[in-house]
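# Overview (structure and organization)
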Amino acid sequence: MEQLLLQRVGIEDTGLESLAEAINVSKRTLQRRLDREGVDFRSLSLSVRMRRAQELLAGTDLDVSDIATHLEYSTPGHFARAFRQSFDVAPSQYRNNVANPDSC
């Protein structure tokens, strides 16, 4: 499930209903499967988006605002706040730390 979401982030709709359609099950069936795995869709989606954010920050020169848009955040501020809550560092600081690991 996580891999499918990761492939779709920034390219296709990553909502619950869209993901259910992609794997040919009902929305409720998908929710049940996630429940059995002990994860809710919101947490899974956030995890995938943050993983993709790390990849984009480390591997591209995209502006943080472009990454926010790519990851379907309504504003760069919402993205930055979510990133900071997940990793205890701002996106720009993360990029700098990855580019210059000795400066930590």
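Residues numbered from 1 in each chain as written. Predicted model: local features only at pLDDT ≥ 70, side-chain atom pairs only at ≥ 80, totals over all residues. Heavy atoms only, no water.

The secondary structure content of the protein chain amounts to seven helices and zero strands. Sequence-ordered secondary structure for the protein chain, helices as α and strands as β, is α-α-α-α-α-α-α. Counting every position in the protein chain, which comprises 104 residues, the buried fraction comes to 32%. Counting contacts in the protein chain only where the partners sit at least 6 residues apart, residues at least 24 apart contribute 49% of the total. A total accessible area of about 6400 Å² is found for the protein chain, and carbon and sulfur atoms account for 44% of it. (Helix = DSSP H or I, 4+ residues; strand = E, 2+ residues; numbered from the N terminus. Buried < 20%, exposed > 50% of the residue type's maximum accessible area, 1.4 Å probe, protein only. Contact = heavy atoms within 4.5 Å. Areas by Shrake-Rupley, 256 points an atom, 1.4 Å probe, with all protein chains shown as cover.)

Attention now moves to the confidence of the model for the protein chain. Averaged over all residues, the pLDDT of the protein chain equals 87, while 88% of them reach at least 70. The element-level mean pLDDT for the protein chain is lowest in helix 1 (residues 2-8), coming to 70, with helix 6 (residues 76-87) highest at 97. (pLDDT = per-residue confidence, 0-100.)

On the surface, R28, R32, R33 and R36 cluster together into a positively charged patch. Following the sequence through the fold, R36 ends up in helix 3 (residues 27-36). (Patch = residues over 30% accessible without salt bridge, like charges linked within 9 Å, V, L, I, M, F, W, Y side chains within 5 Å. Salt bridge = Lys/Arg side-chain N within 4 Å of Asp/Glu carboxyl O. Lys, Arg positive; Asp, Glu negative; His and termini not counted. Charge placed at Lys NZ, Arg CZ, Asp CG, Glu CD.)

Attention now goes to a negative patch on the surface. A contiguous patch of negative charge, built from D13, E17, E21 and E72, is present on the exposed surface. Mapped onto the secondary structure, D13 falls in the loop between helix 1 and helix 2 (16-22). The class of D13 is partly exposed, set by a relative accessible area of 47%.

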